[in-house]
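# Fold and geometry: a report
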Amino acid sequence: MTRLRVWDLPVRLFHWGLVGCVALSFYTMKTDGAPFIFPVDIHARGGYVLIGLLLFRWLWGLVGSRHARFRGFLYPPATMFDYARRLLRERPPIFAGHNPLGGMMVVVMLLSLTFQAASGLFLTDDIFFNAPLHGWVDRSTARTLAGLHHLNANLLLLLIAAHLLALVVHRLKGERLVRAMITGRKALAGEPEDDPAVGGPVRRIASPWLALAVIVIAALPVIWLWKA
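Computed from a prediction, not measured in an experiment: that's the story for all the values here. (Residues numbered from 1 in each chain as written. Predicted model: local features only at pLDDT ≥ 70, side-chain atom pairs only at ≥ 80, totals over all residues. Heavy atoms only, no water.)

## So, the layout of surface pockets
Here the largest pocket defines a volume of roughly 1000 Å³. Taken together, 37 residues make up the lining of the largest pocket; nearest its centre are His15, Met105, Val106, His163 and Leu167. Listing elements by their share of the lining of the largest pocket, those giving two or more residues are helix 1 (9–30), helix 3 (77–89), helix 4 (100–120), helix 5 (139–172) and helix 6 (177–183). For the lining of the largest pocket, the element with the highest residue contribution is helix 5, accounting for nine residues. In the lining of the largest pocket, the residues fall into 28 nonpolar, seven polar and two charged. The computed volume of the second largest pocket comes to approximately 600 Å³. Of all the elements in the fold, those that place two or more residues in the lining of the second largest pocket are helix 1, helix 2 (39–63), helix 4 and helix 5. Broken down by element, the lining of the second largest pocket gets its largest block of residues, seven residues, from helix 2. (1 Å grid on protein atoms, 1.4 Å probe; cavity = no way out; pocket = protein on both sides within 12 Å on 5 of 7 lines; lining within 4 Å. Points joined across faces, edges and corners; volume = space filled by probe spheres on them. Helix = DSSP H or I, 4+ residues; strand = E, 2+ residues; numbered from the N terminus. Nonpolar A, V, L, I, M, F, W, Y, C, P; charged D, E, K, R; others polar.)

Quick look at the structure:
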(Lines give C-alpha, C1' and ligand atoms only; values in the text may rest on other atoms or scores of the structure.)
Protein backbone atom coordinates (compact mmCIF):
# COMPACT_ATOMS: atom_id res chain seq x y z
CA MET A 1 0.00 0.00 0.00
CA THR A 2 1.48 3.32 -1.09
CA ARG A 3 0.27 6.85 -0.40
CA LEU A 4 0.27 9.19 -3.37
CA ARG A 5 -0.40 12.92 -3.36
CA VAL A 6 -3.30 13.36 -5.76
CA TRP A 7 -5.54 16.33 -4.92
CA ASP A 8 -3.95 19.75 -4.58
CA LEU A 9 -5.18 22.29 -2.05
CA PRO A 10 -7.16 24.36 -4.60
CA VAL A 11 -9.16 21.30 -5.68
CA ARG A 12 -9.90 20.35 -2.08
CA LEU A 13 -10.96 23.88 -1.14
CA PHE A 14 -13.15 24.00 -4.25
CA HIS A 15 -14.78 20.69 -3.38
CA TRP A 16 -15.70 21.56 0.20
CA GLY A 17 -16.67 25.12 -0.76
CA LEU A 18 -18.98 23.63 -3.37
CA VAL A 19 -20.52 21.33 -0.76
CA GLY A 20 -21.18 24.33 1.48
CA CYS A 21 -22.71 26.47 -1.28
CA VAL A 22 -24.97 23.70 -2.57
CA ALA A 23 -26.13 22.82 0.94
CA LEU A 24 -26.89 26.49 1.66
CA SER A 25 -28.75 26.88 -1.63
CA PHE A 26 -31.01 23.89 -1.02
CA TYR A 27 -31.57 24.87 2.62
CA THR A 28 -32.67 28.40 1.79
CA MET A 29 -35.09 27.21 -0.92
CA LYS A 30 -36.44 23.92 0.46
CA THR A 31 -37.08 25.18 4.03
CA ASP A 32 -38.23 28.43 5.63
CA GLY A 33 -34.59 29.53 5.68
CA ALA A 34 -34.45 30.22 9.43
CA PRO A 35 -32.63 32.06 10.95
CA PHE A 36 -32.14 34.14 7.79
CA ILE A 37 -34.60 37.03 7.48
CA PHE A 38 -34.41 37.11 3.67
CA PRO A 39 -33.41 33.58 2.63
CA VAL A 40 -33.84 34.39 -1.07
CA ASP A 41 -31.08 36.99 -0.77
CA ILE A 42 -28.80 34.47 0.99
CA HIS A 43 -29.68 31.95 -1.72
CA ALA A 44 -28.67 34.44 -4.43
CA ARG A 45 -25.40 35.41 -2.78
CA GLY A 46 -24.52 31.77 -2.29
CA GLY A 47 -25.14 31.40 -6.01
CA TYR A 48 -22.68 34.21 -6.78
CA VAL A 49 -19.99 32.42 -4.77
CA LEU A 50 -20.92 29.20 -6.56
CA ILE A 51 -20.31 30.90 -9.91
CA GLY A 52 -16.82 31.87 -8.78
CA LEU A 53 -16.09 28.34 -7.61
CA LEU A 54 -17.32 26.83 -10.86
CA LEU A 55 -15.36 29.29 -13.00
CA PHE A 56 -12.26 28.40 -11.02
CA ARG A 57 -12.85 24.66 -11.54
CA TRP A 58 -13.42 24.97 -15.28
CA LEU A 59 -10.19 26.94 -15.63
CA TRP A 60 -8.27 24.67 -13.25
CA GLY A 61 -9.46 21.72 -15.30
CA LEU A 62 -7.51 23.18 -18.22
CA VAL A 63 -4.31 24.47 -16.58
CA GLY A 64 -4.17 22.94 -13.09
CA SER A 65 -2.50 19.94 -11.49
CA ARG A 66 -2.26 16.62 -13.31
CA HIS A 67 -5.28 14.93 -11.77
CA ALA A 68 -7.37 18.12 -11.78
CA ARG A 69 -7.17 18.39 -15.57
CA PHE A 70 -10.11 17.15 -17.62
CA ARG A 71 -7.87 15.37 -20.08
CA GLY A 72 -6.52 13.36 -17.16
CA PHE A 73 -9.86 11.79 -16.21
CA LEU A 74 -12.12 11.79 -19.27
CA TYR A 75 -12.24 8.41 -20.97
CA PRO A 76 -14.03 6.87 -24.00
CA PRO A 77 -17.35 5.06 -23.38
CA ALA A 78 -15.75 1.62 -23.78
CA THR A 79 -13.39 2.33 -20.89
CA MET A 80 -16.26 3.54 -18.71
CA PHE A 81 -18.37 0.44 -19.41
CA ASP A 82 -15.41 -1.85 -18.73
CA TYR A 83 -14.72 -0.08 -15.43
CA ALA A 84 -18.39 -0.36 -14.41
CA ARG A 85 -18.40 -4.09 -15.21
CA ARG A 86 -15.27 -4.74 -13.19
CA LEU A 87 -16.52 -2.56 -10.33
CA LEU A 88 -19.65 -4.68 -9.98
CA ARG A 89 -18.02 -8.08 -10.43
CA GLU A 90 -14.61 -7.77 -8.84
CA ARG A 91 -12.06 -5.31 -7.53
CA PRO A 92 -11.85 -2.50 -10.13
CA PRO A 93 -8.59 -1.24 -11.64
CA ILE A 94 -6.70 1.36 -9.64
CA PHE A 95 -6.83 5.05 -10.57
CA ALA A 96 -4.97 7.76 -8.69
CA GLY A 97 -7.32 10.51 -9.87
CA HIS A 98 -10.96 10.18 -10.86
CA ASN A 99 -11.84 6.78 -12.25
CA PRO A 100 -13.65 6.66 -15.64
CA LEU A 101 -17.14 6.75 -14.11
CA GLY A 102 -16.17 9.34 -11.52
CA GLY A 103 -14.65 11.58 -14.18
CA MET A 104 -17.85 11.48 -16.20
CA MET A 105 -19.88 12.29 -13.09
CA VAL A 106 -17.63 15.26 -12.31
CA VAL A 107 -18.28 16.81 -15.73
CA VAL A 108 -22.04 16.11 -15.62
CA MET A 109 -22.31 17.67 -12.18
CA LEU A 110 -20.23 20.68 -13.19
CA LEU A 111 -22.46 21.23 -16.23
CA SER A 112 -25.62 20.95 -14.14
CA LEU A 113 -24.31 23.27 -11.44
CA THR A 114 -23.12 25.78 -14.02
CA PHE A 115 -26.55 25.89 -15.64
CA GLN A 116 -28.19 26.22 -12.22
CA ALA A 117 -25.97 29.13 -11.18
CA ALA A 118 -26.16 30.88 -14.56
CA SER A 119 -29.95 30.55 -14.94
CA GLY A 120 -30.43 31.95 -11.46
CA LEU A 121 -28.92 35.25 -12.59
CA PHE A 122 -32.04 35.97 -14.70
CA LEU A 123 -34.79 35.14 -12.19
CA THR A 124 -37.22 37.23 -10.19
CA ASP A 125 -40.01 36.62 -7.66
CA ASP A 126 -41.87 39.71 -8.96
CA ILE A 127 -42.00 41.09 -5.40
CA PHE A 128 -38.79 41.45 -3.43
CA PHE A 129 -36.04 39.96 -5.56
CA ASN A 130 -34.64 40.64 -9.00
CA ALA A 131 -31.45 38.81 -10.03
CA PRO A 132 -28.63 40.97 -11.46
CA LEU A 133 -29.32 39.96 -15.09
CA HIS A 134 -33.11 39.82 -14.88
CA GLY A 135 -33.49 42.90 -17.07
CA TRP A 136 -31.44 41.30 -19.85
CA VAL A 137 -34.27 38.93 -20.90
CA ASP A 138 -38.00 39.28 -21.49
CA ARG A 139 -40.64 37.94 -19.10
CA SER A 140 -41.28 34.79 -21.15
CA THR A 141 -37.61 33.85 -21.21
CA ALA A 142 -37.30 34.53 -17.48
CA ARG A 143 -40.24 32.20 -16.77
CA THR A 144 -38.75 29.49 -18.96
CA LEU A 145 -35.43 29.78 -17.14
CA ALA A 146 -37.24 29.66 -13.79
CA GLY A 147 -38.92 26.40 -14.78
CA LEU A 148 -35.64 24.89 -15.97
CA HIS A 149 -33.93 26.15 -12.80
CA HIS A 150 -36.46 24.21 -10.74
CA LEU A 151 -36.18 21.04 -12.85
CA ASN A 152 -32.39 21.14 -12.78
CA ALA A 153 -32.48 21.45 -8.99
CA ASN A 154 -34.25 18.08 -8.89
CA LEU A 155 -31.67 16.64 -11.27
CA LEU A 156 -28.93 17.89 -8.96
CA LEU A 157 -30.54 16.04 -6.05
CA LEU A 158 -30.36 12.82 -8.09
CA LEU A 159 -26.73 13.47 -9.02
CA ILE A 160 -25.82 14.14 -5.39
CA ALA A 161 -27.55 10.92 -4.33
CA ALA A 162 -25.63 8.99 -7.01
CA HIS A 163 -22.38 10.58 -5.82
CA LEU A 164 -23.04 9.58 -2.21
CA LEU A 165 -23.92 6.04 -3.29
CA ALA A 166 -20.67 5.84 -5.25
CA LEU A 167 -18.73 6.88 -2.15
CA VAL A 168 -20.32 4.02 -0.21
CA VAL A 169 -19.62 1.48 -2.98
CA HIS A 170 -15.97 2.50 -3.23
CA ARG A 171 -15.61 2.42 0.55
CA LEU A 172 -16.87 -1.16 0.53
CA LYS A 173 -14.25 -1.89 -2.13
CA GLY A 174 -11.58 -0.49 0.18
CA GLU A 175 -11.13 2.98 -1.38
CA ARG A 176 -11.52 5.93 0.99
CA LEU A 177 -12.41 8.78 -1.34
CA VAL A 178 -13.63 11.19 1.36
CA ARG A 179 -10.37 10.96 3.29
CA ALA A 180 -8.43 11.57 0.09
CA MET A 181 -10.39 14.77 -0.56
CA ILE A 182 -9.51 15.95 2.95
CA THR A 183 -5.81 15.06 3.07
CA GLY A 184 -5.06 15.21 -0.66
CA ARG A 185 -3.43 11.77 -0.56
CA LYS A 186 -4.72 8.38 -1.67
CA ALA A 187 -3.70 5.01 -0.33
CA LEU A 188 -3.18 2.80 -3.38
CA ALA A 189 -2.82 -0.97 -3.35
CA GLY A 190 -0.91 -1.06 -6.63
CA GLU A 191 0.28 0.90 -9.64
CA PRO A 192 -2.42 3.33 -10.84
CA GLU A 193 -3.42 3.20 -14.49
CA ASP A 194 -3.61 6.99 -14.85
CA ASP A 195 -0.26 8.02 -13.40
CA PRO A 196 2.12 9.24 -14.66
CA ALA A 197 1.33 8.55 -18.32
CA VAL A 198 -1.99 10.43 -18.69
CA GLY A 199 -1.75 14.10 -19.55
CA GLY A 200 1.78 14.18 -20.92
CA PRO A 201 4.58 16.17 -19.29
CA VAL A 202 2.44 17.95 -16.68
CA ARG A 203 3.64 18.61 -13.15
CA ARG A 204 1.76 16.50 -10.62
CA ILE A 205 0.96 19.58 -8.51
CA ALA A 206 0.68 22.92 -10.30
CA SER A 207 2.35 26.12 -9.14
CA PRO A 208 0.58 27.93 -6.26
CA TRP A 209 1.13 31.18 -8.16
CA LEU A 210 -0.84 29.78 -11.07
CA ALA A 211 -3.59 28.78 -8.65
CA LEU A 212 -3.62 32.30 -7.19
CA ALA A 213 -3.95 33.83 -10.67
CA VAL A 214 -6.89 31.56 -11.52
CA ILE A 215 -8.54 32.35 -8.18
CA VAL A 216 -8.27 36.09 -8.86
CA ILE A 217 -9.83 35.67 -12.32
CA ALA A 218 -12.67 33.57 -10.88
CA ALA A 219 -13.29 36.08 -8.10
CA LEU A 220 -13.86 39.05 -10.43
CA PRO A 221 -17.41 38.14 -11.54
CA VAL A 222 -18.33 37.31 -7.93
CA ILE A 223 -17.28 40.79 -6.83
CA TRP A 224 -19.25 42.37 -9.68
CA LEU A 225 -22.39 40.32 -8.94
CA TRP A 226 -22.15 41.01 -5.21
CA LYS A 227 -22.19 44.75 -5.87
CA ALA A 228 -24.80 44.67 -8.67
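Resuming the write-up.
## A few points about helix 5
A rise of 1.5 Å per residue sets the reference length of helix 5, with its 34 residues, at 50 Å; its end C-alpha atoms lie 50 Å apart and thus fit the reference within 8%. Among the residues making up helix 5, those that are buried are Ala142, Leu145, His149, Asn152, Ala153, Leu156, Leu159 and His170. Residues of helix 5 that are buried sit in contact with helix 1, helix 2, helix 3, helix 4 and helix 6. Of the residues one or two after helix 5, Gly174 is the one with positive phi, at around 95°. (Expected span 1.5 Å × (residues − 1). Buried < 20%, exposed > 50% of the residue type's maximum accessible area, 1.4 Å probe, protein only. Contact = heavy atoms within 4.5 Å.)

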